[in-house]
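Now for the letters of each chain:
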Amino acid sequence: AQSVTQLDSQVPVFEEAPVELRCNYSSSVSVYLFWYVQYPNQGLQLLLKYLSGSTLVKGINGFEAEFNKSQTSFHLRKPSVHISDTAEYFCAVSDRKNSGYSTLTFGKGTMLLVSP
Amino acid sequence: GAGVSQSPSNKVTEKGKDVELRCDPISGHTALYWYRQSLGQGLEFLIYFQGNSAPDKSGLPSDRFSAERTGGSVSTLTIQRTQQEDSAVYLCASSLGQINIQYFGAGTRLSVL
């Protein structure tokens, strides 16, 4: 069974400051890793993904994440946040299955609160 | 381009009534997923359909919940005899191919009074 832990339920930060949202996972098999963002009253939007290759992945809106296999982590970072980044962020994992079909296991989410 | 479409966006119902939630996936996507998002529970997997195979129903919380997918496209999630604890946002996602990148709809917010 897989699990995803997002250690911080809420992260307050000032505008233009850097931010890191932490994500750790556990799985007995190789995985794909994802970060999704959810703005108020909207669905989930894919922010970035790690499938293979370079462990540093870049996504939309200036976000990036680094896959660390030894620490089973996939932390999300942004060097300078904007007010518009205020949203809930979900880390998710899915098995690497030959069929390509498997469900996503989500963390509980981290609410990023950016203030002026 | 068209994304995943869900309807209605909001549904208010009385306890004990049945409700149907609809999901129209991205055209050509062969896999379709339903999740539930509720306070304190986060995002929970409910059911998924892959192509013409039997669906994986392992996440359905009770036999009051069922889903079908007609013609490999549109899906309907049905909740019978709704209870207050069914109040949540129901999210649908679809994906294509070997790499499981799921694209989500905006969800249906269900409120059971």
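I will try to describe carefully the structure that is included in this document. (Residues numbered from 1 in each chain as written. Chains lettered and ligands numbered in written order. Predicted model: local features only at pLDDT ≥ 70, side-chain atom pairs only at ≥ 80, totals over all residues. Heavy atoms only, no water.)

## Here we look at the overall build of chain A
Piece 1. A tally of regular secondary structure across chain A gives zero helices and twelve strands.
Piece 2. Helices and strands in chain A line up, N terminus first, as β-β-β-β-β-β-β-β-β-β-β-β.
Piece 3. A compact globule built from 116 residues would reach a C-alpha radius of gyration of about 13 Å, and chain A, at 14 Å, matches this within 12%.
Piece 4. Considering only C-alpha atoms, chain A reaches an extent of 45 × 30 × 20 Å along its principal axes.
Piece 5. Evaluated residue by residue, chain A yields a buried proportion of 47% over its 116 residues.
Piece 6. Partitioning the intrachain contacts of chain A with sequence separation of at least 6 by distance along the chain shows that 57% fall at a separation of at least 24. (Helix = DSSP H or I, 4+ residues; strand = E, 2+ residues; numbered from the N terminus. Rg over C-alpha atoms; globule rule 2.2 N^0.38 Å. Buried < 20%, exposed > 50% of the residue type's maximum accessible area, 1.4 Å probe, protein only. Contact = heavy atoms within 4.5 Å.)

## What to know about unusual backbone geometry
Piece 1. For the peptide bond that leads from Ser7 of chain B to Pro8 of chain B, omega is -10 degrees, which places it in the cis range.
Piece 2. You will see that Asn61 of chain A, though not glycine, has its phi angle at about 60 degrees, which is positive.
Piece 3. Along the chain, the position of Asn61 of chain A falls in the loop between β7 (56-58) and β8 (64-68).

## Brief notes about the sheet that holds strand β1 (residues 5-7) of chain B
Residues and elements named next belong to chain B.
Piece 1. On the basis of which strands lie adjacent, the open sheet formed by four strands has the order β1-β3-β7-β6 and antiparallel pairing. One side of each edge strand has no neighbouring strand; the edge strands of this open sheet are β1 and β6 (65-69). When strand polarity is set aside, the average angle formed by the axes of neighbouring strands in this sheet is 15 degrees.
Piece 2. In this structure, β6 lies alongside strand β7 (residues 75-79), joined through five bridges in antiparallel fashion. Of the residues in β7, the one forming a bridge with Phe65 is Ile79. (Pairing = 2+ DSSP bridges. Axes fitted to C-alpha atoms, helices over the stretch in contact; angles between N-to-C directions.)

## Some points on the interface of chain B and chain A
Piece 1. If you look at the interface, chain B gives 22 residues, while chain A gives 22 residues.
Piece 2. For the interface between chain B and chain A, the tally reads zero salt bridges.
Piece 3. Secondary-structure elements contributing two or more residues to the side of chain B that touches chain A are β4 (31-38) and β5 (42-50) of chain B. (Salt bridge = Lys/Arg side-chain N within 4 Å of Asp/Glu carboxyl O.)

## Focus: the pattern of salt bridges
Note that side chains of opposite charge can pair when their charged atoms are close.
All names here are of chain A.
Piece 1. As enumerated under the stated definition, the model contains eight salt bridges over all chains in all.
Piece 2. Between Arg77 and Glu20 there is a salt bridge, with the nearest N and O atoms lying 3.3 Å from each other. On the criterion of sequence distance, the pair formed by Arg77 in strand β9 (residues 73-78) and Glu20 in strand β3 (residues 19-21) is long-range, its members being 57 residues apart.
Piece 3. Residue Arg77 is classed as partly exposed on the basis of its relative accessible area, which comes to 25%.
Piece 4. Residue class for Glu20 comes out partly exposed when judged on its relative accessible area of 35%.

## Overview of the state of the cysteines
Residue and element names in this part refer to chain A.
Piece 1. A complete count under the given rule lists two disulfides over all chains for this structure.
Piece 2. Sulfur-sulfur distance for the disulfide between Cys23 and Cys91 comes to 2.0 Å. In this structure the cystine formed by Cys23 and Cys91 twists about its S-S bond by roughly -65 degrees; its chirality is therefore left-handed. With Cys23 in the loop between β3 and β4 (24-26) and Cys91 in strand β10 (residues 87-95), this residue pair connects regions lying 68 residues apart in the sequence.
Piece 3. Judged by relative accessible area, which is 0%, Cys23 ranks as buried. (Disulfide = S-S within 2.5 Å.)

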